[in-house]
Amino acid sequence: MSNSSLVVYTKLSPNHSGKRTKKIDTITIHCMAGNCSVETCGNLFANSARQASSNYGIGTDGRIALYVDEANRSWCTSSNANDQRAVTIEVANNGGAPDWPVSAKAYAALLDLVTDICKRNGIKKLLWKGDKSLIGKVSQQNMTVHRWFANKSCPGDYLYNRHGQIAAEVNRRLGAS
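Remember, it's a predicted structure, so these values are computed and weren't measured experimentally.

Colleague: Give a description of unusual backbone geometry that names residues and reports values.
Modeller: Along the chain, Ala97 connects to Pro98 via a cis peptide bond; the corresponding omega equals 5 degrees. Along the polypeptide, Pro98 turns up in the loop between strand E7 (86–91) and helix H3 (104–121). With an omega dihedral of 15 degrees, the bond running from Cys154 to Pro155 counts as a cis peptide bond. By secondary structure assignment, the location of Pro155 is in the loop between strand E8 (143–144) and helix H4 (156–160). Unlike most non-glycine residues, Gln51 shows phi in positive territory, near 50 degrees. You will see that Ser78, though not glycine, has its phi angle at about 70 degrees, which is positive. For Ser78, the position within the fold is in the loop between strand E6 (72–74) and helix H2 (80–85). Judged by its relative accessible area of 54%, Ser78 is exposed.

Right under this line is the structure:
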């Protein structure tokens with residue numbers, strides 16, 4: 001198992017459960033609760049008292065960071081079962097509540113990273129129906145969101161409302177549209 005070659009900054013977090021118990025077959029996109037740089041987010045996840053992490057982070061400038069090796073389960077969605085199978089991505093927002101929008105550079109980097117994750121992990125098509133009842137049914141939906149596992153608004157409406165577009169663009173790049 002490898003990590004993305006798109007990573008330009010690495011700060012490994014102690015906040016993970018070690019090796020995954022499931023094959024990677026799901027993508028979970030988050031938004032940071034702020035306009036954090038990849039370094040600031042990495043410093044937050046480096047704090048073991050925080051008990052949170054993600055596999056990757058994307059700054060407003062479009063730079064991509066690695067916080068937890070893909071081989072390991074991050075502590076991201078409040079769901080052990082989801083985090084065992086999902087690569088998790090935190091994206092800096094540049095507008096805050098209520099929508100938590102992200103910059104054009106961060107969005108472009110997100111598309112590149114998700115495409116790369118799918119290619120490296122054999123995910124042939126990204127599926128999004130926005131249906132919480134399909135959690136774990138990856139042949140029907142292989143994208144999840146934190147709000148389905150905890151009382152959170154993550155990833156914010158800006159990204160949540162674009163999950164279908166994200167899937168369509170990644171599928172176009174994968175040749176699966």
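Colleague: Which residues make up the pairing of strand E3 (residues 26–31), and what values go with them?
Modeller: In regular strands, side chains alternate between the two faces of the sheet. Taken across its six residues, E3 has six buried, putting it largely inside the fold. Burial of the side chains of E3 extends over both faces: Thr26, Thr28 and His30 are buried on one face and Ile27, Ile29 and Cys31 on the other. Strand direction decides the pairing type here: E3 and E7, joined by six bridges, are parallel. Along E7, the bridge assignment pairs Thr28 with Thr88. Sheet topology note: the E3/E8 ladder contains two bridges and is parallel. Its bridge partner being in E8, Ile27 is matched across the sheet by Met143.

Rules used throughout
Residues numbered from 1 in each chain as written. Predicted model: local features only at pLDDT ≥ 70, side-chain atom pairs only at ≥ 80, totals over all residues. Heavy atoms only, no water. Helix = DSSP H or I, 4+ residues; strand = E, 2+ residues; numbered from the N terminus. Buried < 20%, exposed > 50% of the residue type's maximum accessible area, 1.4 Å probe, protein only. Pairing = 2+ DSSP bridges.

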